[in-house]
Amino acid sequence: MRIKFGFTIWKRYLHHSSPQKLNNWKKPVGFDTGISIYNYMIKKKVPLILNNKNIAKWYMCGPTVYDSAHIGHACTYTRFDIIRRILSEHFNINVICVMSITDIDDKIINRSSGSSQFSDWKELSKYYENEFNNDMKLLNIQSPYLNCRVTDYIPQIIDFINVLLEKNMAYVVNGSVYFKTLDCNLYDKFGKLDKKAINMDNPSERGEKKSSLDFALWKASKTIDEPSWKSPWGNGRPGWHIECSAMASFTLGSNIDIHSGGIDLMFPHHENEEAQSCCYHSTGQWINNWLHSGLLHLDDTKMSKSLNNTVTIRNMLDKYTPNQFRLLCLYTHYRSTIEFNEKTMDKAVALMKKFEYFYGDCKNYISGKLQANNIDEALIYDRLINAQVNIKNYLANDFGTPQVIEELSELVTVVNKMIVPSDPDSNNTTTGARSADCIAAVSQYVDKVLKSFGIVNSQEVILANDDKINQIVDTLVNFRSTIRNKALKDFKDQQQKELLTICDDARKNLSDCGIKIKDFKDNSTWTILEK
């Protein structure tokens with residue numbers, strides 16, 4: 001996977017000064033979505049304006065498939081999946097998402113060389129591509145409209161390089177082709193995302209290049225055994241940056257609404273993409289909006305294969321559910337760093353349980369199994385309306401999901417105080433008027449919003465698979481409740497005590513199966529929770 005390549009190079013030059021003044025981002029002409037997003041070029045939020053009404057062209061940097069994906073990758077793709085869903089579900093925008101798959105790379109070649117598991121680089125890359133796709137499905141991440149595998153676009157990449165050579169924006173050295181970074185109409189097309197990049201040329205690192213900032217568009221083959229393709233400059237393969245520029249341009253055109261990747265891809269990858277693409281298309285702005293997600297840290301340390309501290313997606317899912325991990329991504333902003341540890345995941349688990357218990361309690365109240373005497377309908381509807389307005393505003397403000405989750409949690413708390421008895425031994429019956437409609441309205445709204453973010457209602461899924469499960473669990477819980485109430489009436493009797501122990505054991509066994517029972521004075525209710 002290539003999520004963190006180049007980040008150390010970028011950090012290395014952070015303190016270099018740049019006296020030159022660059023042209024700023026140009027506001028696109030098109031259709032205003034009503035959404036504001038953070039713009040890294042001018043360091044402030046700007047309107048998200050699309051070229052075509054209700055259609056967003058989005059190019060996403062995908063994986064380099066040489067190894068198993070880890071939770072840093074899961075974080076990036078989950079966050080962008082959430083944003084895609086927000087655009088579609090809350091703003092009626094049809095997102096055309098194209099994602100790269102880098103299936104030829106030094107790491108892929110090196111990993112396959114001498115491997116006992118894979119016969120060649122093709123088998124290795126295909127194996128990890130399939131594994132990556134399966135991991136994304138496990139995380140409930142939507143597939144892109146189109147996956148662009150680099151090896152399927154070699155002719156388009158060669159054509160792209162030829163155009164840059166014709167425009168005198170590239171040069172050939174010993175069968176390799178390099179981009180002329182310092183001749184790239186410098187103040188317009190290079191240094192947009194990181195203005196300090198202009199002063200990063202280091203003569204001692206130039207080698208055969210004219211500038212250390214020049215990057216390979218085409219890499220000449222080093223040996224006859226190395227994977228290669230024929231080109232006008234000799235056998236070789238594409239450089240990293242040119243792959244995304246060529247595939248994105250071929251599929252989405254000369255001006256793209258959104259381009260995304262981890263913050264570590266901003267320089268050099270995205271900077272170089274923008275520079276060469278602007279030259280290719282003879283335009284001042286190829287990408288209108290860049291989205292960069294924050295990195296994931298493991299116990300306060302940046303996760304990296306080089307540090308040998310990665311956690312694979314499969315290993316993470318052995319302990320946590322996809323919903324719980326997605327909630328971690330939701331209650332942190334997509335641009336912020338995520339700390340992955342027991343504390344942060346405990347918060348995500350607790351939030352998920354809060355929502356799941358809420359669904360169950362609402363249904364139990366509406367069905368008459370759970371009673372309450374103090375339902376303030378006016379207050380509930382007022383809080384619901386306010387939440388709807390607030391959530392729309394939060395999402396329109398750079399996809400503010402942390403505020404949305406907090407708003408939903410507070411709404412649930414308000415309703416919970418009215419429908420859940422504070423004393424489990426209180427009488428769970430009433431003959432007064434009931435207010436099922438307002439409770440159902442809140443429950444449905446909370447469920448709808450979370451589903452729009454990709455959170456799956458586990459109880460709904462399980463019961464949808466088999467209607468009989470609901471009847472069976474109902475019968476079992478009602479039977480247990482009858483035995484329990486009978487035993488409580490004569491608690492001093494040893495036989496009744498044994499029955500209560502059996503009831504407790506049944507509740508524990510059901511809990512291990514994901515069915516949580518709440519006991520009240522006269523009856524019991526149940527809810528299905530994730531593990």
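Because the structure is a prediction, the values reported are computed rather than measured.

K.L.:
Explain the overall build of the protein chain residue by residue, including any values.
P.N.:
The secondary structure content of the protein chain amounts to 17 helices and 16 strands. For the protein chain, the residues scored as buried account for 55% of the 531 residues in total. Here the contacts in the protein chain between residues at least 6 apart in sequence split such that 75% fall between residues at least 24 apart. Summed over all atoms, the accessible surface of the protein chain reaches about 23700 Å², with 49% contributed by carbon and sulfur.

K.L.:
Describe the nonpolar core, and please don't skip the residues or the numbers.
P.N.:
Counting 142 residues, the largest nonpolar core has Leu87, Phe325, Phe340 and Val446 as its most contacted members. When residues are assigned to domains, this core turns out to be shared by domain 1 (46-318) and domain 2 (350-422 + 432-457), each giving three or more. The contact partners of Val446, leaving out residues within four places of it in the chain, are Phe355, Phe358, Tyr359, Leu408, Leu411 and Val412.

K.L.:
Got a sec to walk through the packing of aromatic side chains? Specific residues and values, please.
P.N.:
Applying the stated criterion across every chain, the model contains 15 aromatic pairs. Ring plane angle 80 degrees and centroid distance 5.4 Å describe the contact between Tyr77 and Phe132, whose orientation is recorded as edge-to-face. Of this pair, Tyr77 sits in helix 2 (residues 71-91) while Phe132 sits in helix 4 (residues 121-138), and the two are 55 residues apart along the sequence. By relative accessible area, Tyr77 is classed as buried at 3%. Taking the relative accessible area as the measure of exposure, Phe132 reaches 1% and is therefore buried. Their ring planes at 90 degrees and their centres at 6.2 Å tell us that Tyr320 and Phe340 sit as a pair that is edge-to-face. Placement of the pair is Tyr320 in the loop between helix 9 (313-317) and helix 10 (322-330) and Phe340 in strand 14 (residues 338-340), with a sequence separation of 20 residues. Each member of the pair, Tyr320 as well as Phe340, carries the same accessibility label: buried. Three or more aromatic residues joined by ring pairs make a cluster, and in this case those are Phe118, Tyr127 and Tyr128. In this structure, Lys210 is placed above the aromatic ring of Tyr171, and the distance from its NZ or CZ to the ring centre is 4.6 Å.

K.L.:
So what about the sheet that holds strand 7 (residues 176-179)? Which residues, and what values?
P.N.:
Overall, antiparallel pairing links the four strands, which are arranged 6-7-8-9 in an open sheet. A single partner strand is all that each edge strand has here, and the edge strands are strand 6 (170-173) and strand 9 (236-238). Sheet twist, expressed as the average angle between the axes of neighbouring strands with direction ignored, equals 25 degrees. In the sheet, strand 7 pairs with strand 8 (residues 216-220) via two bridges, with the strands oriented antiparallel. Pairing of Val177 across the sheet is with Trp218, part of strand 8.

K.L.:
Quick one: what's the story with the pattern of salt bridges, residue by residue and with numbers?
P.N.:
Following the criterion strictly, the structure yields 19 salt bridges and no others. Residue Lys518 is joined to Asp361 by a salt bridge in which the shortest nitrogen-to-oxygen separation is 2.8 Å. Of this pair, Lys518 sits in strand 15 (residues 515-519) while Asp361 sits in helix 11 (residues 342-366); the two residues are 157 residues apart in sequence, bridging distant segments of the chain. The exposure class of Lys518 is partly exposed, given its relative accessible area of 23%. Among the ionic pairs, Asp519 bridges to Arg480, the shortest N-O distance being 2.8 Å. In this pair, Asp519 is assigned in strand 15 and Arg480 in helix 16 (residues 467-489), connecting sequence segments 39 residues apart.

K.L.:
Lay out the state of the cysteines with the relevant residues and their values.
P.N.:
According to the stated counting rule, one finds zero disulfides in the structure shown. Its sulfur unpaired, Cys362 is 9.3 Å from the next cysteine sulfur, which belongs to Cys438.

K.L.:
Can you lay out the packing of helix 12 (residues 377-396) against helix 13 (residues 401-419) for me, pointing to particular residues and giving the numbers?
P.N.:
Running from N to C, helix 12 and helix 13 point in directions that differ by 170 degrees, and their axes come no closer than 9 Å. One finds that helix 12 runs roughly antiparallel with respect to helix 13. For the pair helix 12 and helix 13, the contacting residues are Leu379, Ile380, Arg383, Leu384, Asn386, Ala387, Asn390, Ile391, Tyr394 and Leu395 in the first and Thr401, Gln403, Val404, Glu407, Leu408, Glu410, Leu411, Val414, Val415 and Met418 in the second. Considering only residue class, the contact of helix 12 with helix 13 consists of 13 nonpolar, four polar and three charged.

K.L.:
An account of the sheet that holds strand 14 is needed here, citing residue identities and associated values.
P.N.:
Reading across the sheet, the three strands line up as 13-12-14 and stay open at both edges, with mixed pairing between neighbours. Strands with a single pairing partner mark the edges of an open sheet, and in this sheet they are strand 13 (301-302) and strand 14.

K.L.:
Can you lay out helix 5 (residues 154-166) for me, pointing to particular residues and giving the numbers?
P.N.:
One turn of the α-helix equals 3.6 residues, which is why residues spaced by three or four share an orientation. Helix length check: helix 5, at 13 residues, gives a terminal C-alpha distance of 18 Å against a target of 18 Å (1.5 Å per residue), a fit within 8%. Where helix 5 is concerned, the buried positions are Ile154, Ile157, Ile158, Phe160, Ile161 and Leu164. The buried residues of helix 5 occupy one face: seen down the axis, they fall within an arc of 160 degrees. Turned more than 90 degrees away from the buried face of helix 5, the exposed residues are Pro155 and Glu166.

K.L.:
Account for the side chain of His292, with residues named and values stated.
P.N.:
Here His292 lies in strand 11 (residues 287-293). The contact partners of His292, leaving out residues within four places of it in the chain, are Tyr40, Phe80, Leu193, Gly261, Gly262, Ile263, Met266, His270, Tyr334 and Arg335.

K.L.:
Tell me about helix 10, residues and numbers included.
P.N.:
Of all the nine residues making up helix 10, eight are buried; the element is thus mostly covered by neighbouring parts of the structure. Those residues of helix 10 lying buried are Asn323, Gln324, Phe325, Arg326, Leu327, Leu328, Cys329 and Leu330. The inward-facing, buried residues of helix 10 abut helix 2, strand 12 (296-298), helix 9, strand 14, helix 11 and helix 13.

K.L.:
Just give me the short version of the environment of Ile455, but keep the residues and values in it.
P.N.:
Residue position: Ile455 is located in the loop between helix 14 (436-452) and helix 15 (458-465). Considered as a pair, Ile455 and Leu139 are 316 residues apart in the sequence and their alpha carbons are 9.9 Å apart. Beyond its immediate stretch of four places on either side in the chain, Ile455 contacts Asn323, Arg326, Leu327, Leu330, Met352 and Leu450.

Basis of the calculations
- Residues numbered from 1 in each chain as written.
- Predicted model: local features only at pLDDT ≥ 70, side-chain atom pairs only at ≥ 80, totals over all residues.
- Heavy atoms only, no water.
- Helix = DSSP H or I, 4+ residues; strand = E, 2+ residues; numbered from the N terminus.
- Buried < 20%, exposed > 50% of the residue type's maximum accessible area, 1.4 Å probe, protein only.
- Contact = heavy atoms within 4.5 Å.
- Areas by Shrake-Rupley, 256 points an atom, 1.4 Å probe, with all protein chains shown as cover.
- Core = buried A, V, L, I, M, F, W, Y, C linked by side-chain atoms within 4.5 Å.
- Domains from an automatic or database assignment.
- Phe/Tyr/Trp six-rings, centres within 6.5 Å; stacked < 30°, edge-to-face > 60°.
- Lys NZ or Arg CZ within 6 Å of the ring centre and 35° of its normal.
- Pairing = 2+ DSSP bridges.
- Axes fitted to C-alpha atoms, helices over the stretch in contact; angles between N-to-C directions.
- Salt bridge = Lys/Arg side-chain N within 4 Å of Asp/Glu carboxyl O.
- Disulfide = S-S within 2.5 Å.
- Parallel < 35°, antiparallel > 145°, perpendicular 65-115°, else oblique.
- Nonpolar A, V, L, I, M, F, W, Y, C, P; charged D, E, K, R; others polar.
- Expected span 1.5 Å × (residues − 1).
- Arc of directions from axis to C-beta.

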